[in-house]
Amino acid sequence: MHSRTSHEPFAIHDSVVAPGTQATVEIPVSQQVTGLRSTLPLRVMHGSNHGPCIFVSGAIHGDEIIGTAVIQRLLERLAPAQLSGTIILAPAVNIYGFAAHSRYLPDRRDLNRSFPGAEHGSLAAQLAHCFLQHVIDRCSLGIDIHSAAVHRYNLPQIRIASGSPYLSELAMAFGAPIIIESPLRPGSMRALAADRETPMLLLEAGEALRFDRFAIEVGVAGVLRVLAHIGMIDADDGLADVEVPLRSSRSSWVRAPRGGVSRRECKSGDVVREGELLARVGGLFGENPEDVISPTDGVVIGHATLPIVNQGDALFHIAEIDGHGHAGEHADSIVEALAVSEPPFPAAPLLDEDEVL
Ligand SMILES: [Zn+2]
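Only a predicted model underlies this, so the values are computations on that prediction, with no experimental measurement involved.

A word on the overall build of the protein. Looking only at helices and strands, one finds seven helices and 21 strands in the protein. Counting across all 357 residues of the protein, residues that qualify as buried make up 54%. The long-range share in the protein, meaning contacts at least 24 apart out of those at least 6 apart in sequence, stands at 72%. Put simply, the protein shows about 15,300 Å² of open surface, and 51% of that area lies on carbon and sulfur atoms.

Encoded structure:
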């Protein structure tokens, strides 16, 4: 662990944060239609001791507010006097969508497809550029927290790019129930961070516009374990004695065979077998029900929470588990856990974070 007892203040925009203190900083973004200036609120927690600078962000999709709850609870648990390094907390990156309960910005753009952005670009481009300049470029690690879209639930899951042993190690430290390797989307924060060689973990957890206790607890515990693992806080990272997590590099959606009313027989987190009944969809009177059947062995990592469905609506997201002979097995060290959890084949295409289906 880094252990210098004093180091430089942290300068950001018009503020200087002394070691061992924290400050809220409002970064100017743009001007709204009414003439009001909009700002991006950040909390900078600058530790007493030297260490890395990382960020934790929520609501880059404005209606995915689980990260906001995770950050509020982290603020109750962390103290700059006990911190080595600096944490930039961004509880509502998409300030416009957050206020409007919307995934998007008022210009109807998706912030997570607008990176790196531009100072004189569209509203989304200005916000992306602001976040890049003041946050991502200052950090050596980012943890970005998302949830499923409206009327969907995601089992808490860490998404990482494939092929990085360091990201695998951090994902293992995070300790979410499942690690999913998924491709990087052009314009996304993860793709940009990868270009700049800033490692990023993406947590997908819970449902849009809802606080969910399990999703929040997984998020808080995971961030604290990562902080412990990289030496920013003095705590047990839990990695001396680990469970091998579930790991997946391919998944598929199962869709409604007819329009009508769905009765779910399973939920996110359930292990399912090929041919197993997932739900029945019938008419308004329950007539002519059709079975929804799992096409594969796997784990349900997401499901529709709205039972009123059109034919073709995505109902269940099922991840096929790599090397499932090892899943949940006890391991004596992170090295051993990493070794047995590595997928046996290169990652296949997998749906991106909470893709709108
Ligand atoms: Zn999202």
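We are not done yet, so read on.
Moving on, we get to the packing of aromatic side chains. Applying the stated criterion across every chain, the model contains one aromatic pair. Between the aromatic rings of F55 and F131, the centroid separation amounts to 5.5 Å while the plane-to-plane angle is 90 degrees, which identifies the pairing as edge-to-face. Taken together, the residues span a long stretch of sequence, with F55 in strand β5 (residues 49-58) and F131 in helix α3 (residues 123-134) at a distance of 76 residues. Since its relative accessible area comes to 0%, F55 is described here as buried.

The next thing to look at is helix α4 (residues 165-174). Burial analysis of α4 places seven of its ten residues in the buried class, the great majority of the element. Along α4, the residues classified as buried are L167, S168, L170, A171, M172, A173 and F174.

The subject of this paragraph is α3. Compared with an ideal rise of 1.5 Å per residue, which puts twelve residues at 16 Å, α3 spans 17 Å between its outermost C-alpha atoms and is within 8% of the ideal. For α3, the full list of buried residues reads L123, A124, A125, Q126, L127, A128, C130, F131, L132 and H134.

This paragraph deals with the nonpolar core. As a rule of thumb, soluble globular proteins bury nonpolar side chains together. Formed by 42 residues in total, the largest nonpolar core has its most connected members in L74, I87, F174, L201 and L227. Among the elements of the structure, β5, α1 (66-77), β6 (84-90), β7 (141-146), β8 (152-160), α4, β10 (200-206) and α6 (213-229) are those that each provide at least two residues to this core. For this core, the element with the most residues is α6, which contributes nine residues. Ignoring sequence-local partners within four residues, the contact set of F174 consists of I143, I158, L201, L203, V218, G219, G222, V223, R225 and V226.

Residues I178 and I180 point to one face of strand β9 (residues 178-181) and I179 and E181 to the other, with burial holding for every one of them. In this sheet, β9 lies alongside β8 in parallel orientation, the contact comprising four bridges. Counted as the bridge partner of I158 is I179 from β9. For the crossover from β8 across α4 to β9, the handedness is right-handed. The sheet contact formed by β9 and strand β12 (residues 246-248) spans three bridges and is parallel. Of the residues in β12, the one forming a bridge with I178 is L246.

Attention shifts here to the side chain of S268. With respect to the element layout, S268 can be found in the loop between β14 (260-264) and β15 (271-272). At 3.4 Å, the side chain of S268 forms a polar contact with the backbone nitrogen of G302. Sequence-distant contacts of S268, that is, excluding residues within four places in its chain, are made with Y153, L155, V300, I301, G302 and H303.

This paragraph deals with the environment of D297. Relative to the elements of secondary structure, D297 occurs in the loop between β17 (290-293) and β18 (298-304). Assessed through its relative accessible area of 37%, D297 is described here as partly exposed. In this structure the C-alpha to C-alpha distance between D297 and E320, which are 23 residues apart in sequence, comes to 6.4 Å. Among the polar contacts listed, one links the side chain of D297 to the side chain of R273, at a separation of 3.2 Å. Within the structure, the side chain of D297 is placed 2.7 Å from the backbone nitrogen of E274, a separation counted as a polar contact.

Now for the packing of α4 against α6. One can describe the packing of α4 onto α6 by two numbers: an axis separation of 7 Å at closest approach and a directional angle of 130 degrees. As summarised for this structure, α4 and α6 are arranged oblique, according to the angle between their axes. Across the interface between the two elements, E169, L170, M172, A173 and F174 from α4 touch V218, G219, G222, V223, R225, V226 and H229 from α6. Grouping the amino acids of the contact of α4 with α6 by side-chain chemistry returns seven nonpolar, three polar and two charged.

Within the open sheet, the four strands sit side by side as β17-β16-β14-β19. Their pairing is antiparallel. Whereas interior strands pair on both sides, the edge strands pair on one side only; in this sheet they are β17 and β19 (308-309). Summarising the sheet, β14 and strand β16 (residues 277-282) pair through four bridges and their orientation is antiparallel. Residue S262 lies in a different strand from β16, and its bridge partner there is V281.

Reading the values: rules and limits
Residues numbered from 1 in each chain as written. Predicted model: local features only at pLDDT ≥ 70, side-chain atom pairs only at ≥ 80, totals over all residues. Heavy atoms only, no water. Helix = DSSP H or I, 4+ residues; strand = E, 2+ residues; numbered from the N terminus. Buried < 20%, exposed > 50% of the residue type's maximum accessible area, 1.4 Å probe, protein only. Contact = heavy atoms within 4.5 Å. Areas by Shrake-Rupley, 256 points an atom, 1.4 Å probe, with all protein chains shown as cover. Phe/Tyr/Trp six-rings, centres within 6.5 Å; stacked < 30°, edge-to-face > 60°. Expected span 1.5 Å × (residues − 1). Core = buried A, V, L, I, M, F, W, Y, C linked by side-chain atoms within 4.5 Å. Pairing = 2+ DSSP bridges. Right-handed = clockwise from strand over helix to strand, strands pointing away. Polar contact = N/O pair within 3.5 Å; in protein donor to acceptor, adjacent residues only side chain to side chain. Axes fitted to C-alpha atoms, helices over the stretch in contact; angles between N-to-C directions. Parallel < 35°, antiparallel > 145°, perpendicular 65-115°, else oblique. Nonpolar A, V, L, I, M, F, W, Y, C, P; charged D, E, K, R; others polar.

Read these as layout, nothing more, since geometry by itself doesn't imply function.
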